[in-house]
Amino acid sequence: MTVAAVIVTFNRLEKLKSVIAALQAQTLAPATLLIIDNASTDGTADYLAGLRHDPRIDVVTMATNTGGAGGFAEGMLRGYATGADHVWIMDDDCYPQPTALETLVRGFDEAVAELGPDVPFACSVVKFTDDSICEMNNPVPTWDWGRLMVKGQRNVMVTACSFVSVLIPRWAIARYGLPYRDYFIWFDDREYTLRLTKVCPGVQVLDSVVIHDMGDNRGVNFAMVDAKSLWKFEYGVRNEASYQLHHRGLLYFLEFGARLFVSLHRGRVPLRLRARLLRKWLAGVTFNPSVEFPEQVAR
């Protein structure tokens, strides 16, 4: 069993160093460490150039910032190309505890033994730096989430999770393709893990723990939008609108629009920002990227 680990980074060099150190300290070492540098401008490239002597590290420098979605798609494609059995993905502010990968693999194997070979991913428990649960990174449980626990396992069945320590088997990437690069940021992880769990749920492995050094431990909702964060919310609205319309249907698209604007109203978001998000909601009608499969876009 081999694992290709993937880190996506952009202008967070000091945190990236901690992530690399955490991966190098794993009790189960990844066979390959792929670092996808999204055209950082803070000296990351120079630092990574000094790591190229390590044959286990493969640095991929993107020509432009492709966002988290583009970075994860590229990293999964490259990880798949190494021939690894699993690809393990994370952001550049995710610090896995030393046994995170070992327990993640073990939990995945236990879930497969109980549920069968269609288990499409295993994710870790994500904690904040103060050891509390990370508000943004709680997976969505299934209605029967405790089914494996009553069998003595430390795994919870889930339908969706964020891209903060997720182990994805090779066959799932071949069958379901890559995350949508064109999403750029926001909802790429939700869409992708929902895509993977249409046949069988994934699992959250409770003994696999990572620390998400995200600065401020808050969940996110549309009422929180302001002028500074608008660009990110615009991607979120467009991407989720596209997903609801093209993958679930018109009623879900309309329901999402209603939910969005109730949230904006309750948050007393300025009308100028509401108008910008309305345009992005409508942009979801024509925005509908195609799935890339690794055999079609192999590097």
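I will try to describe carefully the structure that is included in this document.

Scoring rules and cut-offs
Residues numbered from 1 in each chain as written. Predicted model: local features only at pLDDT ≥ 70, side-chain atom pairs only at ≥ 80, totals over all residues. Heavy atoms only, no water. Salt bridge = Lys/Arg side-chain N within 4 Å of Asp/Glu carboxyl O. Helix = DSSP H or I, 4+ residues; strand = E, 2+ residues; numbered from the N terminus. Buried < 20%, exposed > 50% of the residue type's maximum accessible area, 1.4 Å probe, protein only. Phe/Tyr/Trp six-rings, centres within 6.5 Å; stacked < 30°, edge-to-face > 60°. Lys NZ or Arg CZ within 6 Å of the ring centre and 35° of its normal.

### Details of the pattern of salt bridges
Then, number 1: What the rule picks out here adds up to 19 salt bridges.
Then, number 2: Between arginine 276 and glutamate 234 there is a salt bridge, with the nearest N and O atoms lying 2.8 Å from each other. One end of the pair, arginine 276, is in helix H9 (residues 271–283); the other, glutamate 234, is in helix H7 (residues 230–248), and 42 residues separate them in sequence.
Then, number 3: On the basis of relative accessible area, arginine 276 is assigned to the partly exposed category, the value being 31%.
Then, number 4: Judged by relative accessible area, which is 11%, glutamate 234 ranks as buried.
Then, number 5: Residues joined by salt bridges that share partners form a network here, namely Arg12, Asp91, Asp92 and Asp93.

### A few points about the packing of aromatic side chains
Then, number 1: One pass over the full model with this rule turns up 14 aromatic pairs.
Then, number 2: Aromatic side chains phenylalanine 222 and phenylalanine 256 sit 5.9 Å apart centroid to centroid with 65 degrees between the ring planes, which places their arrangement in the edge-to-face category. Note that phenylalanine 222 is positioned in the loop between strand S10 (202–212) and H7 and phenylalanine 256 in helix H8 (residues 250–266), a separation of 34 residues in sequence.
Then, number 3: With a relative accessible area of 0%, phenylalanine 256 lands in the buried category.
Then, number 4: Here the aromatic cluster, defined as three or more aromatic residues joined through ring pairs, consists of Trp186, Phe222, Phe233 and Phe256.
Then, number 5: Over the face of the ring belonging to tyrosine 80 we find arginine 170, whose NZ or CZ atom lies 3.9 Å from the ring centre.

Fair warning: the whole summary comes from geometry, so function is off the table for now.
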